[in-house]
Amino acid sequence: MYITGKLLYLDLNFLGAVILLWIRLMLKRDINGQARDITFKRVIMLVISILFLNVLWVCVEGRPGRVWLVCNHIINVLYPMIASVTSLEWCFFVLYIVSPKLFRTNTVFWLLSPALLILLLALSSPWTGALYVISAENVYDHGFLYPLLQAISYFYFLWPPLLFSRKMLKEGQRMQVISRQTLFMVMFTFLGVCFVIFVLNSYDTIWPMFSIILLFVFTDIQFQKISRDGLTGLNNRRSFDSYISMLFSEGRVNESVFLFMMDINFFKTINDTYGHLAGDEALKVLGDILKKTGSIDDQRSYIARYGGDEFVGIYYCADETEAQKILDGINRNVQKFNDGGTLEFPLSISIGFARYSKAHTPTAEQLIKSADLILYENKREMHRLADIAQNSQIKQGRKLFK
């Protein structure tokens, strides 16, 4: 029975390592440098290291001889160190998704402190027996402070889901921006860790199970990339259509929802005069400006490239005054960019927004149409004020708009 248990444990760890190696190979083709993706890659490599350490431990445990005894010590010094760092990195990864604002110096410092404590205890354990004890027969046993390693790791795993649940209860409607896949990933982690703690009561089994969680996360990341516009990094039209359809079909839309339609003025002139690469650069610039005004991962907004030079944003505002502040903020950021003069031409945009109401915009199509009409009213006014001479000046790279 003991041998059968060890073989099953060996198989589970080996299978988990193979799954994660495949995921890592797939991610190697991705040159995305976002902090979230870099952290996720680190988590995968750390979990692979733990799984291989578990495989090596099964092979080394109980073998007679000084060489095997030394190997057992090395494995059990590395194991708690890597385990604590892995759970810490996972905590950072989930926090990046749930609440990026938490990444302040003081927060990072107190989150690092428990992992540093485990690092010191692991290094001292061959002499103190704090985290593990190995007998002369090369048989492993937990040290007197091993429960501290478990508690710290469980804290790193469980704190972000608890924080996420608190945000859902507190923010309610605004939390709908979080994708269902992200919600599933966060809560599945919570339930999986609780299962390990209260049902299996075995800390070591958390890592094979964790490889399955990472497989779900990998799938979610790939889905999100399909839903993003390759040029600007914003949500794409397909993602927006799905989002707003879900918003209306599930009855989550309310009077605080404002839909913004935006596009670049004289975009055809820019393409005809400077080429499509210059037009692409203008689209990237506007995408960056919209990210600054309301992040695509912020629970108060949802921003997408609608198509061509058109962009769309859903903002959760208390009233029209707050919506106007967002519009003014976008225009200020455009002007600030123009003051820097990094493009050969001035960037100018038109914006129209509409507020959801049951009386006037009861469907998604009517809300979009209402915002679109206001956008094109503003655009017609822009073209009325800009005569032929002004329009031709863009070819000379002069600033037209103050």
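Quick note: structure is the one above.
This report concerns the structure included in the present document. (Residues numbered from 1 in each chain as written. Predicted model: local features only at pLDDT ≥ 70, side-chain atom pairs only at ≥ 80, totals over all residues. Heavy atoms only, no water.)

### Brief notes about the packing of helix 10 (residues 276–293) against helix 11 (residues 320–340)
Thinking step 1. Taken N-terminus to C-terminus, the directions of helix 10 and helix 11 make an angle of 135°; their axes are 10 Å apart at the nearest point. Judged by the angle between their axes, helix 10 and helix 11 are oblique. Handedness of the helix 10/helix 11 crossing: right-handed. In contact with Val 285, Ile 289, Leu 290, Lys 292 and Thr 293 of helix 10, helix 11 contributes Ile 326, Gly 329, Ile 330, Asn 333, Val 334 and Phe 337.
Thinking step 2. Across the contact of helix 10 with helix 11, the residue classes tally to 7 nonpolar, 3 polar and 1 charged. (Axes fitted to C-alpha atoms, helices over the stretch in contact; angles between N-to-C directions. Helix = DSSP H or I, 4+ residues; strand = E, 2+ residues; numbered from the N terminus. Parallel < 35°, antiparallel > 145°, perpendicular 65-115°, else oblique. Left-handed = near helix turned anticlockwise from the far one by under 90°. Contact = heavy atoms within 4.5 Å. Nonpolar A, V, L, I, M, F, W, Y, C, P; charged D, E, K, R; others polar.)

### Observations concerning the environment of Tyr 376
Thinking step 1. Here Tyr 376 shows up in helix 12 (residues 364–385).
Thinking step 2. Owing to a relative accessible area of 33%, Tyr 376 belongs among the partly exposed residues under this scheme.
Thinking step 3. Note: C-alpha distance between Tyr 376 and Met 261 (115 residues apart in sequence) is 9.4 Å.
Thinking step 4. Among all residues touching Tyr 376, those that are not within four sequence positions of it are Asp 263 and Glu 310. (Buried < 20%, exposed > 50% of the residue type's maximum accessible area, 1.4 Å probe, protein only.)

### Some points on a nonpolar patch on the surface
Thinking step 1. Where nonpolar side chains cluster on the molecular surface, the patch consists of Phe 14, Val 18, Leu 21 and Phe 52 and spans about 340 Å² of accessible area.
Thinking step 2. Here the nonpolar patch gets 3 residues from one element, more than from any other, and that element is helix 1 (residues 2–28).
Thinking step 3. In this fold, Phe 14 is placed in helix 1. (Patch = residues over 30% accessible without salt bridge, like charges linked within 9 Å, V, L, I, M, F, W, Y side chains within 5 Å. Areas by Shrake-Rupley, 256 points an atom, 1.4 Å probe, with all protein chains shown as cover. Salt bridge = Lys/Arg side-chain N within 4 Å of Asp/Glu carboxyl O.)

### Here we look at the nonpolar core
Thinking step 1. Core analysis: the biggest nonpolar cluster contains 68 residues, and Phe 40, Trp 90, Trp 207, Phe 210 and Leu 214 have the highest contact counts within it.
Thinking step 2. Every element with two or more residues in this core is listed here: helix 1, helix 2 (35–60), helix 3 (66–98), helix 4 (105–128), strand 1 (132–134), helix 5 (146–171), helix 6 (180–200) and helix 7 (206–226).
Thinking step 3. Considering each element in turn, this core owes the most residues, 15 residues, to helix 3.
Thinking step 4. Setting aside chain neighbours within four positions, we find Leu 214 in contact with Leu 20, Ile 23, Phe 40, Val 43, Ile 44, Val 47 and Trp 90.
Thinking step 5. Counting 30 residues, the second-largest nonpolar core is a separate cluster that includes Phe 267, Ile 303, Cys 317 and Ile 326. (Core = buried A, V, L, I, M, F, W, Y, C linked by side-chain atoms within 4.5 Å.)

### Some thoughts on the pairing of strand 5 (residues 310–316)
Thinking step 1. Here strand 5 lies mainly inside the structure; 7 of its 7 residues are buried.
Thinking step 2. Burial along strand 5 is two-sided: the face carrying Glu 310, Val 312, Ile 314 and Tyr 316 and the face carrying Phe 311, Gly 313 and Tyr 315 are both buried.
Thinking step 3. Taken together, the 7 bridges between strand 3 (residues 257–264) and strand 5 define a ladder with antiparallel strand orientation. Looking at the pairing, Asp 263 lines up with Glu 310 of strand 5.
Thinking step 4. As judged from the 6 bridges shared by strand 4 (residues 301–307) and strand 5, these two strands associate in the antiparallel manner. Bridged to Arg 305 within strand 5 is Phe 311.
Thinking step 5. Remark: 2 residues form the turn of the hairpin made by strand 4 and strand 5, two consecutive strands paired antiparallel; Gly 308 in that turn has positive phi of roughly 60°. (Pairing = 2+ DSSP bridges.)

### Observations concerning the sheet that holds strand 6 (residues 349–355)
Thinking step 1. The 4 strands are arranged 4-5-3-6 in an open sheet whose pairing can be described as antiparallel. Of all strands in the sheet, those bounded by a partner on one side alone are strand 4 and strand 6. Neighbouring strand axes in the sheet, compared pairwise and without regard to direction, differ in orientation by 20° on average.

### Concerning the environment of Tyr 306
Thinking step 1. Tracing the backbone shows Tyr 306 in strand 4.
Thinking step 2. Sequence separation between Tyr 306 and Arg 238 is 68 residues; the distance between their C-alpha atoms is 8.7 Å.
Thinking step 3. When residues no more than four places from it in sequence are discounted, the contact partners of Tyr 306 are Arg 237, Phe 240, Met 261, Phe 311, Val 312 and Ile 368.
Thinking step 4. Within polar-contact distance, the side chain of Tyr 306 engages the side chain of Arg 237 at 3.3 Å. (Polar contact = N/O pair within 3.5 Å; in protein donor to acceptor, adjacent residues only side chain to side chain.)

### Brief notes about helix 9 (residues 267–274)
Thinking step 1. Buried within helix 9 are the following residues: Phe 267, Thr 269, Ile 270 and Asn 271.
Thinking step 2. Two residues or fewer after helix 9 comes Gly 275, characterised by a positive phi angle close to 100°.

### Details of the pattern of salt bridges
Thinking step 1. In total, this model carries 6 salt bridges according to the counting rule given.
Thinking step 2. A salt bridge links Glu 89 to Arg 42, with the shortest nitrogen-to-oxygen separation between them at 2.9 Å. Taken together, the positions of Glu 89 in helix 3 and Arg 42 in helix 2 put the pair 47 residues apart, joining distant regions of the chain.
Thinking step 3. Under the relative-accessibility criterion, Arg 42 is labelled partly exposed at 38%.
Thinking step 4. As a salt-bridge pair, Arg 237 and Asp 241 come within 3.2 Å of each other at their nearest N and O atoms. Note that Arg 237 and Asp 241 are positioned in helix 8 (residues 237–249) at a spacing of 4 residues, about one turn of the helix.
Thinking step 5. On the accessibility criterion, Arg 237 (36% relative accessible area) is partly exposed.
Thinking step 6. When its relative accessible area of 32% is taken as the criterion, Asp 241 is described as partly exposed.

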